[in-house]
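Letter by letter, the chains look like this.
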Amino acid sequence: MFHWLEKHPFFFAVGVFLVIAFAGLVEILPNFAQAAQPTVGTKPYTVLEMAGREVYIKNSCNACHSQLIRPFKAETDRYGHYSLSGEYAYDRPFLWGSKRTGPDLHRVGNYRTTDWHENHMKDPAAVVPGSIMPAYGWMFTNIADINTAYASQLTNAQFFSVPYNKPVPTKDGGTVTVAMANSVAEANKMALDEAKVITAGMKDKDVQDMVAAGKIPEIVALIAYLNSLK
Amino acid sequence: MNKLYVVGALFVAAMLGFTYVAMDIKGGMNGDIVNMLAIAGAVVLVIVSVFVVTKYVRQMQSDTAGGELAEENWDSIGEYKNPLPMGWAIIFLGLIVWAGWYFIVGYPVNAYSQIGEYNEDSAKANAKFEEKYTSLTAEELHNMGESVFLVNCAPCHGLDADGMNGKAANLHKRIAEDSVKHVVNNGANNLKTTFPGGMPPMLLQDKAQIDAVAKYVANGFKADDAAGKAAFTAGTCNSCHGENGEGMPSVAPKINGWDAEMVSTVLKDGKKGAIGAMPAFTNLNATQVKAVSTYITDISKGE
């Protein structure tokens, strides 16, 4: 066997590769599989949150805001517990970002509220003196794309086994079930119900009127998404 | 004496001479121990290198192959059985010992962990914080409270704590008229951990009375406001909040001004009212809560 291998350098090389690759696999795979499990308390995005995530991506929020808290005291003091890989289990794509022109947003739902986001997106400098973030006025009039958000949900559920309509564990030891619609019409209705809860905490009369008329502006979806980041 | 050794010795002499001249041009050794060590090292290096090289060149010139051939041969190329070189064997055994030491002291038993480093750093920082701020004067608390406020509270309440034109509560006052009206109409059940009972809605339903109470409470319980005082009593506000809004432990909060207990309760439970919602701030430690309570109590008194 070894004589044969010594006479056939190509197969010898293949053998060496296999041995080293096997060592790599047993080192890396179990750890990776363990770290990729959803963290307790991580739940799939509802349809409105998913639409907000798309608004976030569309406006390139991730170009200036990261969603990854590093394990340094200075960061955890400011943003909360450092990020765990399992917390991104339902993020496709993940939005870690690589640059912080603005602050990290991975747990922004813990310390900012609906009405703050509303004021801030309208005029950032009005609530954060000296802020260089531009205003995002068009989000108050553009309509959120619920159909695409529902398509994302379906893709995640069917191809990546994201547990919609199934109980997922919560931090307090209970479970919570994130519902997903069975049809586009139902998804739009569910999004509208969620939007009504969000607009109850908003001041903008136009936004409230739009939601009452059955239309969901992008700002409502975005706030739903930001509030879900905890 | 072989000719090679003579050439080697001459080469060593030439190298050392060159080093001496170069050193002299650069200003000599100046009695510096590091310079002396470097020169001594260079001398040893040159001598050892030259003599070792000379020895092996000699050996190549004079050695002939011999000894016992090994049984294995590769494409008719044979190999002599050589004894294990002593230096190699020592290094090999030394490496085995080193591997054991490295396993235990280095990776993986004592492996570096980023989270471990974070935990150590945090514990150290917290211990330092506790040690540095065990006993604080009122002024130090006020100053620490101000910095905590600017980082955590100012994004909503504003740098001056004035609520930025109604975007959040104006902390220079305990409560605004609109908030009083909202609470009277809708009840309140925000501060669950300290006041588990909450407050029922609609204790007053007459609009004039509600307005009077709102004005009375928001303006700090002025004794000459007879209509307000009457409405306050009519709504049975006084039975829980006290005649002058001083509150009652576990039943109703103090509403005639801020105090440390009230601020820490809001920080713990968050709040939802006429203006909007405020999240709970559980990231602050006990000293920071005390500091920010002091700061808010101070500024609400105009200090």
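**Section: the packing of helix α3 (residues 47–58) of chain A against helix α8 (residues 184–199) of chain A**
All names here are of chain A. Remark: α3 packs on α8, axes separated minimally by 8 Å, with the N-to-C direction vectors making an angle of 80 degrees. The angle between the axes of α3 and α8 places the two elements in the roughly perpendicular class. Along its contact with α3, which presents Val47, Leu48 and Glu49, the element α8 presents Ala187, Met190, Ala191, Glu194, Ala195 and Ile198. Residues belonging to the contact of α3 with α8 are distributed by class as follows: seven nonpolar, no polar and two charged.

**Brief notes about the domain arrangement of chain A**
Here the domain parsing of chain A yields domain 1 (2–35) and domain 2 (47–228). Of note, the centres of domain 1 of chain A and domain 2 of chain A, computed from C-alpha atoms alone, are 44 Å apart.

**Describing unusual backbone geometry**
Cis rather than trans, the peptide bond between Arg92 of chain A and Pro93 of chain A has omega equal to -5 degrees. You can see Pro93 of chain A is positioned in the loop between α4 (73–79) and α5 (114–122). A positive phi angle is found at Asn165 of chain A, which is not glycine, with a value near 60 degrees. At Phe221 of chain B, a residue that is not glycine, the phi angle is positive and equals roughly 55 degrees. Counting through the fold element by element, Phe221 of chain B comes out in the loop between α7 (207–218) and α8 (226–234). Taking relative accessible area as the criterion, Phe221 of chain B reaches 9% and is therefore assigned buried.

**A short note on the environment of Asn2 of chain B**
Residues and elements named next belong to chain B. Topologically, Asn2 is positioned in the segment before α1 (3–25). Residue Asn2 is classed as partly exposed on the basis of its relative accessible area of 24%. Note: C-alpha distance between Asn2 and Asn283 (281 residues apart in sequence) is 82 Å.

**Focus: the pattern of salt bridges**
Counted by the stated rule, this structure contains 14 salt bridges over all chains. Among the ionic pairs, Arg100 of chain A bridges to Glu75 of chain A, the shortest N-O distance being 2.7 Å. Residue Arg100 of chain A is found in the loop between α4 and α5, and its partner Glu75 of chain A is found in helix α4; the two are separated by 25 residues along the sequence. When its relative accessible area of 28% is taken as the criterion, Arg100 of chain A is described as partly exposed. Look at Glu75 of chain A and you get buried, because its relative accessible area is 6%. Measuring nitrogen to oxygen at the nearest pair gives 3.1 Å for the salt bridge that ties Asp211 of chain B to Lys207 of chain B.

**Points about the environment of Val184 of chain A**
Residue and element names in this part refer to chain A. Note that Val184 resides in helix α8. Considered as a pair, Val184 and Thr148 are 36 residues apart in the sequence and their alpha carbons are 9.6 Å apart. Setting aside residues no more than four positions away along its own chain, Val184 makes contact with Asn147 and Tyr150.

**Quick word on the environment of Glu87 of chain A**
Residue and element names in this part refer to chain A. Within the secondary structure, Glu87 sits in the loop between α4 and α5. The class of Glu87 is buried, set by a relative accessible area of 15%. Once you skip the residues sitting within four places of it in the chain, Glu87 turns out to touch Thr39, Thr42, Tyr82, His106, Arg107 and Lys230.

**Regarding the domain arrangement of chain B**
Domain assignment breaks chain B into domain 1 (1–58) and domain 2 (136–300). Between the C-alpha centres of domain 1 of chain B and domain 2 of chain B there is a distance of 85 Å.

**Some thoughts on the confidence of the model for chain B**
Looking at chain B, the pLDDT average stands at 87 and 99% of residues meet or exceed 70. The lowest-confidence element of chain B is α8 of chain B, averaging 85 in pLDDT; the highest-confidence one is helix α3 (residues 86–105) of chain B, averaging 94.

**Observations regarding helix α4 (residues 114–132) of chain B**
Taking 1.5 Å as the rise per residue, α4 of chain B with 19 residues should run 27 Å; its terminal C-alpha atoms sit 27 Å apart, in good agreement. Here the buried face of α4 of chain B lies against α4 of chain A together with α5 (138–157) and α11 (286–300) of chain B. With a side-chain oxygen lying 3.3 Å from the backbone nitrogen of Ile115 of chain B, the N-terminal cap of α4 of chain B falls on Ser113 of chain B.

**Topic: empty space enclosed by the protein**
Residues and elements named next belong to chain B. Under the definition given, this model contains one cavity of 30 Å³ or more. Each pocket or cavity is described by its volume, and for the largest cavity that value is around 30 Å³. As for the largest cavity, its lining consists of Val184, Met199, Leu203, Leu204, Gly235 and Cys237.

**Regarding helix α6 (residues 177–186) of chain B**
Residue and element names in this part refer to chain B. Of all the residues in α6, the buried ones are Ser179, Val180 and Val184. Seen end-on, α6 carries its buried residues on one side only, within an arc spanning 135 degrees. Close packing links the buried residues of α6 with α7. Phi turns positive one or two residues past the end of α6, at Gly187, with a value near 75 degrees.

**Quick notes on the packing of α8 of chain A against helix α10 (residues 218–228) of chain A**
Residue and element names in this part refer to chain A. Look at α8 against α10: their axes get within 10 Å of each other, and the N-to-C directions meet at 80 degrees. When the interaxial angle is binned, α8 and α10 end up roughly perpendicular. Contacts from Ala195, Ile198 and Thr199 in α8 reach Val220, Ile223, Ala224 and Asn227 in α10. Along the lines of polarity and charge, the residues of the contact of α8 with α10 split into five nonpolar, two polar and no charged.

**Focus on the interface of chain A and chain B**
Interfaces are often described in size by the accessible area the parts lose on coming together. At the junction of the two partners, chain A supplies 20 residues and chain B supplies 24 residues. For the pair chain A and chain B, the summed buried area comes to about 1700 Å², and 57% of that belongs to carbon and sulfur atoms. Summed over the three residues of chain A that lose the most area to chain B, namely Pro71, Lys73 and Tyr82 of chain A, the buried surface amounts to 28% of that side. Counting across the chain A and chain B interface gives zero salt bridges. Joining chain A to chain B, the criterion identifies five residue pairs in polar contact (both at pLDDT 80 or more). When contributions to the side of chain A that touches chain B are tallied by element, the ones reaching two or more residues are α1 (2–7), α4, α5 and α6 (124–127) of chain A. Its residues assigned to classes, the side of chain A that touches chain B comprises eight nonpolar, five polar and seven charged.

**Focus: the packing of aromatic side chains**
Taken as a whole and assessed by the stated rule, the structure comprises 16 aromatic pairs over all chains. With 6.3 Å between their ring centres and 25 degrees between their planes, Tyr5 of chain B and Phe51 of chain B make a pair best called stacked. A residue pair is termed long-range when its members are at least 10 positions apart, and Tyr5 of chain B in helix α1 and Phe51 of chain B in helix α2 (residues 33–62) qualify at 46 residues. Under the relative-accessibility criterion, Tyr5 of chain B is labelled partly exposed at 25%. Considering the side-chain rings of Trp88 of chain B and Phe92 of chain B, the 5.4 Å spacing of their centres and the 5 degrees angle between planes classify their relative orientation as stacked. With a gap of four residues between them, Trp88 of chain B and Phe92 of chain B both fall in helix α3, about one helical turn apart. Residue Trp88 of chain B is classed as partly exposed on the basis of its relative accessible area of 48%. Relative accessible area serves as the criterion here: at 42%, Phe92 of chain B is assigned to the partly exposed category. A network of ring pairs unites the aromatic residues Trp4, Phe10 and Phe11 of chain A as a single cluster. Here the guanidinium or amino end of Arg112 of chain A rests over the ring plane of Trp116 of chain A, the centre of that ring lying 4.5 Å away. The ring of Trp258 of chain B has Arg174 of chain B lying over it, and the distance from NZ or CZ to the ring centre is 4.6 Å.

About the thresholds
Residues numbered from 1 in each chain as written. Chains lettered and ligands numbered in written order. Predicted model: local features only at pLDDT ≥ 70, side-chain atom pairs only at ≥ 80, totals over all residues. Heavy atoms only, no water. Axes fitted to C-alpha atoms, helices over the stretch in contact; angles between N-to-C directions. Helix = DSSP H or I, 4+ residues; strand = E, 2+ residues; numbered from the N terminus. Parallel < 35°, antiparallel > 145°, perpendicular 65-115°, else oblique. Contact = heavy atoms within 4.5 Å. Nonpolar A, V, L, I, M, F, W, Y, C, P; charged D, E, K, R; others polar. Domains from an automatic or database assignment. Buried < 20%, exposed > 50% of the residue type's maximum accessible area, 1.4 Å probe, protein only. Salt bridge = Lys/Arg side-chain N within 4 Å of Asp/Glu carboxyl O. pLDDT = per-residue confidence, 0-100. Expected span 1.5 Å × (residues − 1). Polar contact = N/O pair within 3.5 Å; in protein donor to acceptor, adjacent residues only side chain to side chain. 1 Å grid on protein atoms, 1.4 Å probe; cavity = no way out; pocket = protein on both sides within 12 Å on 5 of 7 lines; lining within 4 Å. Points joined across faces, edges and corners; volume = space filled by probe spheres on them. Arc of directions from axis to C-beta. Buried area = accessible area lost by both parts, 1.4 Å probe. Phe/Tyr/Trp six-rings, centres within 6.5 Å; stacked < 30°, edge-to-face > 60°. Lys NZ or Arg CZ within 6 Å of the ring centre and 35° of its normal.

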